[in-house]
Amino acid sequence: MNGGPAAGPRLRPRTWTWPPRMPLPDPADGPHTWLVRAPTTGVSPVRETPPSALSVLDAGERRRAAALRRPGARAAYVTAHAALRRLLGVYLGVPGARVPLIRLPCPGCGEPRGRPALAGPDGAWLHFSLSHTGPVAMLAVAGAPVGVDVERVPSARLAADAAAALHPADRAELAALPDEARPAAFARCWTRTEAMVKATGEGLSGPGLAAFRRGTAELPARVAGWRLLDVAAPPGHAAACALPVSRAEGTGADQERPSTRAR
């Protein structure tokens, strides 16, 4: 199922700071990405769950953060989700705590467990995605449904086990590589895969996981109807971003946006 738009260059994410550097990029020209780093383990408990960041989260997010036993995991969750809310809040011209987040219906089951989105008309022009692994997170915004994923490069054994879920052509590419090159190649392919299923909202259990070849090489494979991009990630990590071309072209630029929003 290859063909269609060529894979593009690797995206260079902005570094997340609060407050963010202005002006923010227009989602219609996206995807745009931000690299977020959480405090690592070994710092003080106050910094591991910053009160100012916790105050941005809603009740459900605070419960999920509290359920994480490891302080480092709590710090990563709180930092990533607070950064997302604050970024969206700047675009919308509201405090991060007031950003109205919802879950869209799952394409498979119809239950509200699909892609996260903004409630109301703003969800038509501002789309987003969040991924985090350890203390590293990636945010993405675009004028069309978008998915972003960041992962640590796995061990050789884990890469071999998880590769069974990939497209047959991707599995064949991995098998042809030297042993030492397979984990990084798998990570490239897997983040491209996760980025695509996040953009559709179907999740890893959906039919799209093995339906398309994403490629394991330095550049993604061509996927009809998709813009698939690798994102520059910290050493030992891989990241990718995806959005459907048919909706990305011309989407967002013609949407009504109040002048108070970030441009």
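Residues numbered from 1 in each chain as written. Predicted model: local features only at pLDDT ≥ 70, side-chain atom pairs only at ≥ 80, totals over all residues. Heavy atoms only, no water.

**Side note on the layout of surface pockets**
Within this model, the largest pocket holds a volume of roughly 690 Å³. As for the largest pocket, its lining consists of 31 residues, and the residues nearest its centre are H81, R103, G114, P116 and L130. For the lining of the largest pocket, the secondary structure elements donating two or more residues are α3 (59-66), α4 (71-92), β3 (101-103), β5 (127-133), β7 (147-152) and α7 (182-200). Considering every element that reaches the lining of the largest pocket, the biggest residue donor is β5, with 5 residues. Its residues assigned to classes, the lining of the largest pocket comprises 11 nonpolar, 8 polar and 12 charged. Reported here for the second largest pocket is a volume of approximately 230 Å³. Along its surface, the second largest pocket is lined by 12 residues, and W16, W18, V36, R37 and T79 are the ones closest to its centre. (1 Å grid on protein atoms, 1.4 Å probe; cavity = no way out; pocket = protein on both sides within 12 Å on 5 of 7 lines; lining within 4 Å. Points joined across faces, edges and corners; volume = space filled by probe spheres on them. Helix = DSSP H or I, 4+ residues; strand = E, 2+ residues; numbered from the N terminus. Nonpolar A, V, L, I, M, F, W, Y, C, P; charged D, E, K, R; others polar.)

**A closer look at the sheet that holds strand β9 (residues 237-244)**
Paired through backbone hydrogen bonds, the strands of a sheet run either parallel or antiparallel to each other. Strands sit in the order β7-β9-β8 across an open sheet of 3 strands; the sheet is antiparallel. Only two strands of the sheet have a single partner each, and these edge strands are β7 and β8 (226-230). Taken pair by pair, the neighbouring strands of this sheet meet at an average axis angle of 15°, ignoring direction. Across 6 bridges, the pairing between β7 and β9 is antiparallel. Residue pairing across strands places V148 opposite C241, the latter belonging to β9. In the packing of α7 onto the sheet, contacts are made with β7, β8 and β9, and the angle to β7 comes to roughly 150°. (Pairing = 2+ DSSP bridges. Axes fitted to C-alpha atoms, helices over the stretch in contact; angles between N-to-C directions. Contact = heavy atoms within 4.5 Å.)

**Topic: the nonpolar core**
Of all hydrophobic cores here, the largest spans 21 residues; its most connected members are W34, L87, L88, Y91, L126, L139 and V141. Counting residues per element, the ones that place at least two in this core are β2 (32-37), α4, β5 and β6 (136-142). A per-element tally of this core places α4 first, with 8 residues. One finds L11, M138, A142 and L229 within the second-largest nonpolar core, a separate group that totals 15 residues. (Core = buried A, V, L, I, M, F, W, Y, C linked by side-chain atoms within 4.5 Å. Buried < 20%, exposed > 50% of the residue type's maximum accessible area, 1.4 Å probe, protein only.)

**What about the pairing of β8?**
In terms of burial, β8 is a largely internal element, 4 of the 5 residues being buried. Of the strand pairs in this sheet, β8 and β9 are connected by 5 bridges, and their pairing is antiparallel. Pairing of R227 across the sheet is with L243, part of β9. Counting the residues in the hairpin turn of β8 and β9 gives 6 residues, including G236, whose phi is positive at 85°.

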